[in-house]
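Residues per chain are reported as follows:
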Amino acid sequence: MKNIRHIALTVLVAATAPVLQNCGSSKAEEEENKKAPVEAAAVETFTLQKHSLASSLQIPGELIAFQQVDLYAKVSSFVKKLHADVGTEVQQGQLLASMEAPELTSQLIGSESRLKSQEAIYQASKANYERLLETSKTPGTVSQNDLDVALAKRNSDLAQLDAARSTSKEITDTRNYLEIRAPFSGVITARNVSAGAYVGPSGKGSEFPLFTLVEQRKLRLVVSVPEAYTSYLKNKSEVTFKVKSLPNQSFPAKVSRLAGALDTRLRSQRTEMDVVNSDRKLLPGMIAEVSIPLTGDVNSYAIPKSAVLNSTQGTYVIKVVDQKAVWVPIKTGTSSDDKTEIFGDIKEGDTIVKIANEEIRDNAEVKHTKQVSL
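Being a predicted model, the structure only gives us computed values, none of them experimental.

## Looking at the confidence of the model for the protein
Reasoning step 1: Here the protein averages 84 in pLDDT, while 87% of its residues score no lower than 70.
Reasoning step 2: When pLDDT is averaged over each helix and strand of the protein, the minimum, 47, is found for helix 1 (residues 2-35) and the maximum, 95, for strand 10 (residues 211-214).
Reasoning step 3: With pLDDT under 50 throughout, residues 11-29 is counted as low confidence; its partners more than four residues away or in other chains account for zero contacts.

## Remarks on unusual backbone geometry
Reasoning step 1: Positive phi outside glycine occurs at R280, with the angle close to 60°.
Reasoning step 2: With respect to the helices and strands, R280 occurs in the loop between strand 14 (268-276) and strand 15 (287-295).
Reasoning step 3: We classify R280 as partly exposed; its relative accessible area is 28%.
Reasoning step 4: The residue D322 is not glycine, and still its phi comes out positive at about 55°.
Reasoning step 5: Structurally, D322 is set in the loop between strand 18 (314-321) and strand 19 (324-335).

## Some details on the environment of A101
Reasoning step 1: Residue placement: A101 occurs in the loop between strand 6 (95-100) and helix 2 (102-135).
Reasoning step 2: With 26 residues separating them in the primary sequence, A101 and V75 have C-alpha atoms 8.5 Å apart.
Reasoning step 3: Apart from residues no more than four positions distant in its own chain, A101 is found in contact with S76, S77 and L178.

## Some words on the pairing of strand 12 (residues 238-243)
Reasoning step 1: Residues V239, F241 and V243 line the buried face of strand 12, whereas the alternating positions E238, T240 and K242 sit on a face that is not buried.
Reasoning step 2: Examined bridge by bridge, strand 12 and strand 13 (residues 246-262) share five bridges and lie antiparallel to one another. When the bridges of strand 13 are listed, T240 appears paired with P252.
Reasoning step 3: Counting the residues in the hairpin turn of strand 12 and strand 13 gives two residues.
Reasoning step 4: Bridging between strand 12 and strand 15 involves four bridges; their strand directions are antiparallel.

## Notes on the pattern of salt bridges
When charged atoms on two side chains of opposite charge get close, those side chains can pair.
Reasoning step 1: On inspection of all chains with the given rule, the structure shows 16 salt bridges.
Reasoning step 2: R220 is paired through a salt bridge with E272; the nearest N and O atoms lie 2.9 Å apart. Of this pair, R220 sits in strand 11 (residues 218-226) while E272 sits in strand 14, and the two are 52 residues apart along the sequence. The two residues R220 and E272 agree in class, both being buried.
Reasoning step 3: Each of K218, R220, R257, R270, E272 and D274 takes part in one network of salt bridges that share partners.

## Remarks on the pairing of strand 14
Consecutive side chains along a regular strand alternate between the two faces of the sheet.
Reasoning step 1: Across nine bridges, strand 11 lies against strand 14 in antiparallel orientation. Looking across to strand 14, one finds that P226 is bridged to S268.
Reasoning step 2: With five bridges joining them, strand 13 and strand 14 adopt antiparallel strand pairing. Considered in strand 14, the bridge of K254 is made with D274.

## Here we look at helix 3 (residues 144-176)
Reasoning step 1: Taking 1.5 Å as the rise per residue, helix 3 with 33 residues should run 48 Å; its terminal C-alpha atoms sit 48 Å apart, in good agreement.
Reasoning step 2: The set of residues buried in helix 3 consists of L147, A150, D157, L161, A164, S168 and I171.
Reasoning step 3: Looking at the packing, one finds that the buried side of helix 3 touches helix 2.

## A closer look at the layout of surface pockets
Reasoning step 1: There is about 200 Å³ of room inside the largest pocket.
Reasoning step 2: Every residue lining the largest pocket is counted, 13 residues in all, and those nearest its centre are F46, T47, L48, Q49 and L374.
Reasoning step 3: Of all elements in the fold, only strand 1 (43-47) and strand 16 (301-304) reach the threshold of two or more residues within the lining of the largest pocket.
Reasoning step 4: Residue composition of the lining of the largest pocket, by class: six nonpolar, five polar and two charged.

## Section: the sheet that holds strand 4 (residues 77-82)
Pairing between the strands of a sheet is mediated by backbone hydrogen bonds and can be parallel or antiparallel.
Reasoning step 1: Taken together, the four strands give an open sheet; going across it, the order is 7-6-4-9, and neighbouring strands pair in antiparallel fashion. Where the open sheet ends on each side, the last strands, each with one partner, are strand 7 (179-181) and strand 9 (198-199).
Reasoning step 2: Relative to strand 7, strand 6 is paired through three bridges, and the arrangement is antiparallel. Its bridge partner being in strand 7, A97 is matched across the sheet by I180.

Thresholds, definitions, all that
- Residues numbered from 1 in each chain as written.
- Predicted model: local features only at pLDDT ≥ 70, side-chain atom pairs only at ≥ 80, totals over all residues.
- Heavy atoms only, no water.
- pLDDT = per-residue confidence, 0-100.
- Helix = DSSP H or I, 4+ residues; strand = E, 2+ residues; numbered from the N terminus.
- Contact = heavy atoms within 4.5 Å.
- Buried < 20%, exposed > 50% of the residue type's maximum accessible area, 1.4 Å probe, protein only.
- Pairing = 2+ DSSP bridges.
- Salt bridge = Lys/Arg side-chain N within 4 Å of Asp/Glu carboxyl O.
- Expected span 1.5 Å × (residues − 1).
- 1 Å grid on protein atoms, 1.4 Å probe; cavity = no way out; pocket = protein on both sides within 12 Å on 5 of 7 lines; lining within 4 Å.
- Points joined across faces, edges and corners; volume = space filled by probe spheres on them.
- Nonpolar A, V, L, I, M, F, W, Y, C, P; charged D, E, K, R; others polar.

Following this line, the structure appears as structure tokens:
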């Protein structure tokens, strides 16, 4: 029995010996690790260099007609006949509508009669003065007073004739307003009257225009460029744009007109581009997505976005000077997918931390750095 107990105790000691040995070695290793210093990871840095950043700005714009006009009746009249309708493409000077006003016809006939009568009176007084003038060349035949009276009568009749001509021309011009003609080539986009309707320059019949004429073969692309980006657009600058109805097609345009001042409400500059629309794919009123190229200054600095530190105190980059971190305040400019333009107290050749974070405190010591290329 004693032999059995002795054998069991020997086996138990042999089994527990490795476990106790492992525990002892683990504790020893932990003690060694605590005593050994932990080396900090190297901070990645890069050398600042001048670099031009090219990106684009997407802003909404509107396509409007290059020319658009509402055509109204100049005189009170009735619509006699319409020669165009919605969608009609017309040429400059083409007749669009004919009106009638019987009282104008009567006034024209009366003015023409008075004009002919005044012409006859003037011709008579003129002939009388010329005869007296010719006779007066013989001394003592015609008194100077008679000659002066004849001259005054001729001049008075000439003035009356000019007045009659002016009145007749005025009525003729007014009568010409009974014909509505296209002031430029384009498309009729609205018609608000029918034959027989009463129209006039004021009161009933003048609420809506007879026609709305729009030029479609040339359009204006109008955009409001924010103040921060006005320096990127000059006269003749090229842009591209897309519209929702043709999402897979881009259209070119060139800057034609710059407002030269900012809108006081939006703080943006109105910019217009001329768009040739010969095939009439584009329609006035469409909303366009305009892509404006933003080409940075070649003397500016573009760095990875990860190198910009946005803290509660401001925007910084971390510069390494004599193995110390220096937070440098900056302002950002345009951005691309992975880089951004910066401005501040920096110069070419500075060493900048590639991945900036607040754990690298200002004036903290940076012993280990790793230079990387961009």
